[in-house]
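# Architecture at a glance
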Amino acid sequence: MTDSCSTHGTPPVLSEGPYALFFDVDGTLATLQSRPEAVTIPAGVREHLQQLAAQQQGALALVSGRPIAELDRLAAPLNAPLAGVHGAERRDAQGNLHVISLPAALVQTLEARLTSALAQWPGTQLECKGMAFALHYRRGMTYESQIMQLAEEVVSQFPELVLQPGKCVVEIKPQGVDKGAAIRAFMQESPFTGRIPVFIGDDLTDEKGFLAVNALQGVSIKVGAGSTHARYHLDSVEAVWAWLEGSLLQQQNNVGKEFSL
Ligand SMILES: O=P(O)(O)OC[C@H]1O[C@H](O[C@H]2O[C@H](CO)[C@@H](O)[C@H](O)[C@H]2O)[C@H](O)[C@@H](O)[C@@H]1O
């Protein structure tokens, strides 16, 4: 990554389109919390997402490291296309599921090994997502190096696995799974095809998504500090909420103009 976020401007609100909208969740639509299970998306933001989805004929998806089941719970009553576990799970706009899994025996072996290792390190937390594992250390920062070493050891033993670093977390996920691939897959399907892709995210896992959107001449937006491939920048989750509301109002104005005499 050669660009620095600080050199990028604030994105204008969405004014023309049609758009294909992709949102990361933690750190983008939802404020980070000390535990994954404490996260919520405010009701007003969920309402705005629903309205934006309707305005764009359903071309709005969440693209997250979280499993699809959790995304449905966090975003309810929004029933959107979803990419979960960094793209290992994907629910397309027709409701079809596309899943990249690992052999059950490998999942069992990894879960047992990671559970017993993290049990030694107070404040760390293991999130098992079926085909991926998140090793959290936000409440156990003193164990960061042990967690990183463990994750690196595991990945070095199994060529079908790769590391996905994040905010106070390192994840172990299947090779070839990333948010860029998930966004490209959506963009080949109705109702996303032919639209201008927009992706907003805050973390390292979002960088492949920014690259995918840039390659399609879309709008990539990084939330918060850090070097990035994204072309625009928003300071905070609150700024994302405000931009989302502004874009919604702008799109509503556009519709009003189409029908005014
Ligand atoms: O792709 P995202 O939607 O941004 O999901 C990335 C990971 O987010 C969650 O972990 C992060 O958020 C937690 C809650 O705020 C925080 O406690 C943790 O330190 C962060 O790394 C989630 O738990 C992971 O499964 C996601 O992959």
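As recorded in an unreviewed UniProt entry, the protein chain goes by the name Trehalose 6-phosphate phosphatase, listed as coming from Candidatus Pantoea multigeneris. Regarding the protein chain, the UniProt comment filed under Catalytic activity (unreviewed entry) reads as follows: "alpha,alpha-trehalose 6-phosphate + H2O = alpha,alpha-trehalose + phosphate".

## Considerations on empty space enclosed by the protein
What the rule picks out here adds up to 1 cavity of 30 Å³ or more. Together, 31 residues line the largest cavity, and D26, L32, H136, V169 and E171 are the ones closest to its centre. Listing elements by their share of the lining of the largest cavity, those giving two or more residues are β6 (125-128), β7 (133-136), β8 (161-166) and β9 (169-174). Classifying every residue of the lining of the largest cavity by side-chain character gives 6 nonpolar, 11 polar and 14 charged. A domain-level breakdown of the lining of the largest cavity finds at least three residues from each of domain 1 (19-100 + 177-260) and domain 2 (104-174).

## Looking at the layout of surface pockets
Considered as a void within the structure, the largest pocket measures approximately 200 Å³ in volume. Surrounding the largest pocket, 16 residues form its lining, Q164, K173, L204, T205 and K208 being those nearest its centre. Of all elements in the fold, only β8 and α6 (207-215) reach the threshold of two or more residues within the lining of the largest pocket. Here the residues of the lining of the largest pocket are counted per class, giving 7 nonpolar, 4 polar and 5 charged. Put simply, the second largest pocket is a space of about 160 Å³. Lining the second largest pocket we find Q50, A53, G58, L60, L78, N79, A80, P81, R91, D92, A93 and G95. Its residues assigned to classes, the lining of the second largest pocket shows 6 nonpolar, 4 polar and 2 charged.

## Notes on the site of the ligand
Taken together, 21 residues are adjacent to the ligand, and D24, Q33, S64, R138 and E171 come closest. In the model, an oxygen atom of the ligand is placed 3.2 Å from a nitrogen or oxygen of the V25 main chain. Put simply, the ligand lies in the largest cavity. Here the residues of the shell around the ligand sort into 6 nonpolar, 6 polar and 9 charged. When residues are assigned to domains, the shell around the ligand turns out to be shared by domain 1 (19-100 + 177-260) and domain 2 (104-174), each giving three or more.

## Things to note about the sheet that holds strand β5 (residues 97-99)
Within the open sheet, the 8 strands sit side by side as β5-β4-β3-β2-β1-β10-β11-β12. Their pairing is mixed. Strands with a single pairing partner mark the edges of an open sheet, and in this sheet they are β5 and β12 (232-234). This sheet shows a mean twist of 15 degrees between the axes of neighbouring strands, independent of strand direction. The strands touched by α6 are β10 (196-201) and β11 (219-223); relative to β11, the strand with the most contacts, the crossing angle is about 155 degrees.

## Details of unusual backbone geometry
With an omega of 5 degrees, the peptide bond running from G17 to P18 counts as cis. Within the secondary structure, P18 is located in the segment before β1 (19-23). Of note, the amide linkage connecting S190 to P191 takes the cis form, showing an omega dihedral of 5 degrees. Following the sequence through the fold, P191 ends up in the loop between α5 (179-187) and β10.

## Topic: the sheet that holds β6
In space, the 4 strands of this open sheet follow the order β6-β7-β9-β8, with antiparallel pairing throughout. A strand with exactly one partner marks an edge of an open sheet, and here the two such strands are β6 and β8. Recorded for the sheet is a direction-independent mean angle of 20 degrees between the axes of neighbouring strands. Bridging between β7 and β9 involves 4 bridges; their strand directions are antiparallel. By the bridge assignment, L135 is partnered in β9 with V170.

## Points about the pairing of β7
Across the two faces of β7 the burial is the same, with F133 and L135 and A134 and H136 all buried. Both β6 and β7 contribute to a ladder of 4 bridges, which runs antiparallel. By the bridge assignment for β7, L126 is matched with L135. Turn length for the β6-β7 hairpin, with the two strands adjacent in sequence and antiparallel, is 4 residues, and the turn residue G130 shows positive phi of about 90 degrees.

Quick notes on the rules
Residues numbered from 1 in each chain as written. Predicted model: local features only at pLDDT ≥ 70, side-chain atom pairs only at ≥ 80, totals over all residues. Heavy atoms only, no water. UniProt positions renumbered as here; feature names shortened; annotations may be inferred. 1 Å grid on protein atoms, 1.4 Å probe; cavity = no way out; pocket = protein on both sides within 12 Å on 5 of 7 lines; lining within 4 Å. Points joined across faces, edges and corners; volume = space filled by probe spheres on them. Helix = DSSP H or I, 4+ residues; strand = E, 2+ residues; numbered from the N terminus. Nonpolar A, V, L, I, M, F, W, Y, C, P; charged D, E, K, R; others polar. Domains from an automatic or database assignment. Near = heavy atom within 4 Å. Polar contact = N/O pair within 3.5 Å; in protein donor to acceptor, adjacent residues only side chain to side chain. Sits in = over half its atoms within 2 Å of the grid points. Pairing = 2+ DSSP bridges. Axes fitted to C-alpha atoms, helices over the stretch in contact; angles between N-to-C directions. Contact = heavy atoms within 4.5 Å. Buried < 20%, exposed > 50% of the residue type's maximum accessible area, 1.4 Å probe, protein only.

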